[in-house]
Amino acid sequence: MSLQTVNDLLRKHKLVEGMLSNQTMPRRKLVTALVQKQHMVELRGVLDKLSAVEIGHILQSIDLDDARLVWEQVEDARQDDVLWELSDALREALVGDREPHCGVGQMSAFELVDGRLSKVAITCRHDLLAIQPIWVDLLAPSKAQRALIGQHYGLDLPDPLDLTDLEASARFYVEDQHEIHIHSDFLLDREGKSRSVPVAFILRGEMLFSVRSEELPVFRLQRLRARTQPGFVSDCKDMLLDLYGAEAEYSADALENVYAQLENVSKQVLSQNISDEEAAAILADIAEEEDLNGRIRRNMLDTQRAVSFLIRRKLLNTTQLDDAQQILRDIESLNSHTAFLFDKINFLMDATVGFININQNKVIKIFSVASVAMLPPTLIASIYGMNFDNMPELKWALGYPFALVLMTISVVAPFVFFKRKGWLR
């Protein structure tokens, strides 16, 4: 329907333009310009409602002259997105040597130079021609950036926002072209905002591709180590294992922080007096640490599955296999710590809730004591409110003060008794 609408507008434009060119009238050029402007406004309105994919399909389906006319009506802000949907021949015919902008994400390639990683920033396809990287890293890539890398190396890079499946078949698999796909979660521990960031890895030949939506401390650390320490990595599989090893280290550091935070919480919980407000703050801290601990455990289990998958595929040499086994041992150790922390968190949470219950019981006890103390004066007042004829105190001049004194004594006496028993503490 969109293609038909554009063709109708182009046909009408050519028809009116031909009719005006054959007419002899004053200010013919001005009239022609006004009519053309009106047609282009209609065409631009149609294009504004279409996606970049639809506009690309239309440009591919019409004549080159018409394509140039339509291209002129595409907004500047959308031109880069549309260019990625065109063939190389049509793109060159429309804009020459212009390369479409890749977007706001970062693309980096890493080569091995004298045993160290050398970083090459990728801004266009020409940057890929003169390098032989072992690792291509895409941070928050746009569709255009993923298309650029995918077209150059002949593979399909996933959208990092789609990497949420937990099934093993969706996280660890091999494509027909011997591409090994691994989707893993990496920890991002920020105060009050810890979360798991999905990362897609693709091993193809001697190259590792990684796609993620956020910068991660683990990636920064490994890039620094590989650039400053000769021989730190020797190939793409080394790079992948080192990232998983660094993730285990990062998780261990996060667990140490959990231990430290829970130690502070323990001191507060074991103090003698905790108000309800303090207990609420303690519960919030415990819940935050429980969330972080659970996230660490889940990520470690995910890393364990990924490393085990690499071992089963028999992709690793002897040294790399030893490294993978060490990572698995580290993960087993961390899993023991997370299990212990879950028990400690549950204990602290139960203790804090117990203190809240004690505070509530104190309030209830006050009301109970007051209720018991008010029973005798209530009884006395009820007796003297019966108004029987043969009640001697009714005619007595001191009857009313006597009743008040009697009720006061009946209130004070239970309080004195409760205090001696220690029930008011």
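Scroll up a little and you will see the structure.
Here the structure is a predicted model, which means the values were calculated and not measured. (Residues numbered from 1 in each chain as written. Predicted model: local features only at pLDDT ≥ 70, side-chain atom pairs only at ≥ 80, totals over all residues. Heavy atoms only, no water.)

Student: So what's going on with the pattern of salt bridges? Residues and values would help.
Tutor: Within this structure, the stated rule accounts for 12 salt bridges. Its salt-bridge partner being Asp159, residue Arg146 comes within 3.9 Å of it at the nearest N-O pair. Placement of Arg146 in helix H7 (residues 143-153) and of Asp159 in the loop between H7 and helix H8 (168-171) is noted, with a sequence separation of 13 residues between them. Exposure remark for Arg146: the relative accessible area of 16% places this residue in the buried category. According to the relative accessible area criterion, Asp159 is partly exposed, its value standing at 24%. (Salt bridge = Lys/Arg side-chain N within 4 Å of Asp/Glu carboxyl O. Helix = DSSP H or I, 4+ residues; strand = E, 2+ residues; numbered from the N terminus. Buried < 20%, exposed > 50% of the residue type's maximum accessible area, 1.4 Å probe, protein only.)

Student: Residue-level account of the pairing of strand E7 (residues 207-212), with values.
Tutor: Of all the 6 residues making up E7, 6 are buried; the element is thus mostly covered by neighbouring parts of the structure. Side-chain alternation along E7 places Met207, Phe209 and Val211 on one buried face and Leu208, Ser210 and Arg212 on a second face that is also buried. Both strand E3 (residues 135-139) and E7 contribute to a ladder of 5 bridges, which runs parallel. Within E7, the position partnered with Val136 by the bridge is Phe209. Linking strand E6 (residues 195-204) to E7, which pair antiparallel, is a turn of 2 residues; within it Gly205 sits at a positive phi near 65°. (Pairing = 2+ DSSP bridges.)

Student: Before we move on, could you go through the environment of Phe201 and cite the residues and values that matter?
Tutor: Topologically, Phe201 is positioned in strand E6. Take Phe201: its relative accessible area is 1%, and that puts it in the buried class. The spatial distance from the C-alpha of Phe201 to the C-alpha of Arg171 is 9.8 Å, given a sequence separation of 30 residues. Leave out the neighbours within four places in its chain, and Phe201 touches Ile180, His181, Ile182, Phe186, Leu208, Phe209, Ser210, Phe219, Leu240, Leu243 and Tyr244. (Contact = heavy atoms within 4.5 Å.)

Any functional reading would require information that these geometric values do not contain.
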